[in-house]
Amino acid sequence: METCYLLLLLLVHVFYVLVCNLSENGALAHSAKTSNFSVTAILVFGDSTVDPGNNNFIKTIFKGNFPPYGQDFPNQLPTGRFSNGRLTTDFIASYIGLKDYVPPYLDPSLSIEELKSGVSFASAGTGFDPLTPQISNVIEIPKQVEYLKEYKRRLESAIGKQRTKNHINKALFIVSAATNDFVVNYFTLPIRRKTYSVSGYQQFVLHNNIKLLQDLINEGARKILVTGLSPMGCLPIVITLFSHNAILERGCIESISSIGREYNRMLQNEVTLLQNRFANLGVKILISDSYGPLTKMIQGDESSEFDEVNSGCCGTGYLEAGILCNPKSYVCPNPSKYVFWDSIHPTEKTYYKIFLATRSNIISLLNHP
């Protein structure tokens, strides 16, 4: 009898450990939702880091709606997310009790209830520089703002103008872009380098970033989370393109990462000024730091959690992204051991850890009156 009891305790312990481990990796993150926040919707703007599939509905080759993308998404569904699973915005939406997955605004099947609780207007491949979305033929940032205006009109038809105004005021706005401006545009193509110095281009991109925030405030945004640049020199594709030896020297390109650090400092200063200017409207803007958490995963204490920090899980991991990461590509057996899914985009585990790192900012924003 005593042996059976001890065995039962052991089984309970093993089950507890398994559940904790799964939760840490994000597999049970959707169950950790809370409804203590007075938030009506999550509304997302930006690039592939927050695009759940809008590019599926436009004419561009820059899509992720085929395997192996989405292999760890429910039902192994390739939704258009450039990852093996969920994005940080999905984890945020689940955490604040709105929905488990943020859908793309351009999905024609969305019900009014689905629209009300939040959508993403983001488009993979876009940026703040007007030239950046032209390169991939994707949705430019001003067009995403136009979609927001259209979204508001659709809500007004369903729930009325005043209720829509209150709905937007209490929504959480998230902005994540600028990486493509530097990695795809400035560093890779010669056009902008002929016109702008690095510091001049930083100012140019920053000006358009702030303009978007002003536009969102004018449309009723009061709680805004802005993602800064990541350590761009640590992206596998950047290492491949700019390392002296792409095979043997896979360390981060510090000169490129430092440009992201400086941009983030400039962004913080401008956001502080912007928030002060609109303080009378109750506007609160916080910056989500992806630079620090990603650096820890790649070079810091948390790097021990990963087997691979400088190449993606898909293909060789050096260059593949989009159509180069396809059903015929080799895929690593355990993506949770990789920081990156393809040569540009993080794995679901990495996105989950970025969510954990920014959770305090989310709480602060949503507790703001």
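Structure report, in brief.

Analysis parameters
Residues numbered from 1 in each chain as written. Predicted model: local features only at pLDDT ≥ 70, side-chain atom pairs only at ≥ 80, totals over all residues. Heavy atoms only, no water. Phe/Tyr/Trp six-rings, centres within 6.5 Å; stacked < 30°, edge-to-face > 60°. Helix = DSSP H or I, 4+ residues; strand = E, 2+ residues; numbered from the N terminus. Buried < 20%, exposed > 50% of the residue type's maximum accessible area, 1.4 Å probe, protein only. Disulfide = S-S within 2.5 Å. Pairing = 2+ DSSP bridges. Axes fitted to C-alpha atoms, helices over the stretch in contact; angles between N-to-C directions. Patch = residues over 30% accessible without salt bridge, like charges linked within 9 Å, V, L, I, M, F, W, Y side chains within 5 Å. Areas by Shrake-Rupley, 256 points an atom, 1.4 Å probe, with all protein chains shown as cover. Salt bridge = Lys/Arg side-chain N within 4 Å of Asp/Glu carboxyl O. 1 Å grid on protein atoms, 1.4 Å probe; cavity = no way out; pocket = protein on both sides within 12 Å on 5 of 7 lines; lining within 4 Å. Points joined across faces, edges and corners; volume = space filled by probe spheres on them. Nonpolar A, V, L, I, M, F, W, Y, C, P; charged D, E, K, R; others polar. Parallel < 35°, antiparallel > 145°, perpendicular 65-115°, else oblique. Left-handed = near helix turned anticlockwise from the far one by under 90°. Contact = heavy atoms within 4.5 Å.

**Here's the deal with the packing of aromatic side chains**
Moving on, step 1. Overall, the coordinates contain 24 aromatic pairs when judged by the stated rule.
Moving on, step 2. Judged by centre distance (5.6 Å) and plane angle (50°), the rings of Y105 and Y147 are tilted. In this pair, Y105 is assigned in the loop between α2 (88–95) and α3 (112–117) and Y147 in helix α5 (residues 141–159), connecting sequence segments 42 residues apart. Both residues of the pair, Y105 and Y147, count as buried.

**Considerations on the state of the cysteines**
Moving on, step 1. In total, this model carries 3 disulfides according to the counting rule given.
Moving on, step 2. Here C314 connects covalently by a disulfide to C325, the sulfurs 2.1 Å from one another. Taking the sign of the S-S torsion, 115° for the link of C314 and C325, the bridge is right-handed. Note that C314 is positioned in the loop between β6 (308–312) and β7 (338–340) and C325 in the loop between β6 and β7, a separation of 11 residues in sequence.
Moving on, step 3. The exposure class of C314 is buried, given its relative accessible area of 0%.

**Here's the deal with the sheet that holds strand β5 (residues 284–288)**
Moving on, step 1. Taking strand neighbours across the sheet as the criterion, the 5 strands line up as β2-β1-β3-β4-β5 in an open arrangement whose pairing is parallel. A strand with exactly one partner marks an edge of an open sheet, and here the two such strands are β2 (118–120) and β5. Neighbouring strand axes in the sheet, compared pairwise and without regard to direction, differ in orientation by 15° on average.
Moving on, step 2. Pairing between strand β4 (residues 223–227) and β5: 5 bridges, direction parallel. Note on β5: the bridge partner recorded for T227 is S288.

**Some details on a nonpolar patch on the surface**
Moving on, step 1. On the surface, a cluster of nonpolar side chains totalling about 330 Å² of accessible area is made up of I61, I323 and L324.
Moving on, step 2. Within the secondary structure, I323 sits in the loop between β6 and β7.
Moving on, step 3. Under the relative-accessibility criterion, I323 is labelled partly exposed at 48%.

**Structural notes on empty space enclosed by the protein**
Moving on, step 1. What the rule picks out here adds up to 1 cavity of 30 Å³ or more.
Moving on, step 2. In this structure, the largest cavity occupies an estimated 390 Å³ of space.
Moving on, step 3. For the largest cavity, the lining is made up of 26 residues, of which T49, S176, T227, S290 and Y351 are closest to its centre.
Moving on, step 4. For the lining of the largest cavity, the secondary structure elements donating two or more residues are α2, β3 (172–176), α7 (179–186), β4 and α13 (348–366).
Moving on, step 5. Examining the composition of the lining of the largest cavity, we find that 3 residues originate from one element, α2, more than from any other.
Moving on, step 6. Class assignment for the residues of the lining of the largest cavity results in 12 nonpolar, 13 polar and 1 charged.

**Some thoughts on the pairing of β3**
The two faces of a sheet get side chains in turn, since along a regular strand they alternate between them.
Moving on, step 1. Counting buried residues along β3, 5 of its 5 residues qualify, which places the element largely inside the surrounding structure.
Moving on, step 2. Across the two faces of β3 the burial is the same, with L172, I174 and S176 and F173 and V175 all buried.
Moving on, step 3. Alignment of strand β1 (residues 42–46) against β3, held across 5 bridges, turns out to be parallel. Residue pairing for β3: G46 is matched across the bridge by S176.
Moving on, step 4. Relative to β4, β3 is paired through 5 bridges, and the arrangement is parallel. Bridge assignment links S176 to a residue of β4, and that residue is T227.

**Brief notes about the packing of α5 against helix α6 (residues 161–169)**
Moving on, step 1. Interaxial distance between α5 and α6 falls to 7 Å at its minimum, and their mutual angle equals 130°. Considered as vectors, α5 and α6 are oriented oblique to each other. Here α5 and α6 pass one another in a crossing that is right-handed. Between α5 and α6, the residues in contact are Y151, K152, L155, E156 and I159 and K161, R163, T164, H167 and I168, respectively.

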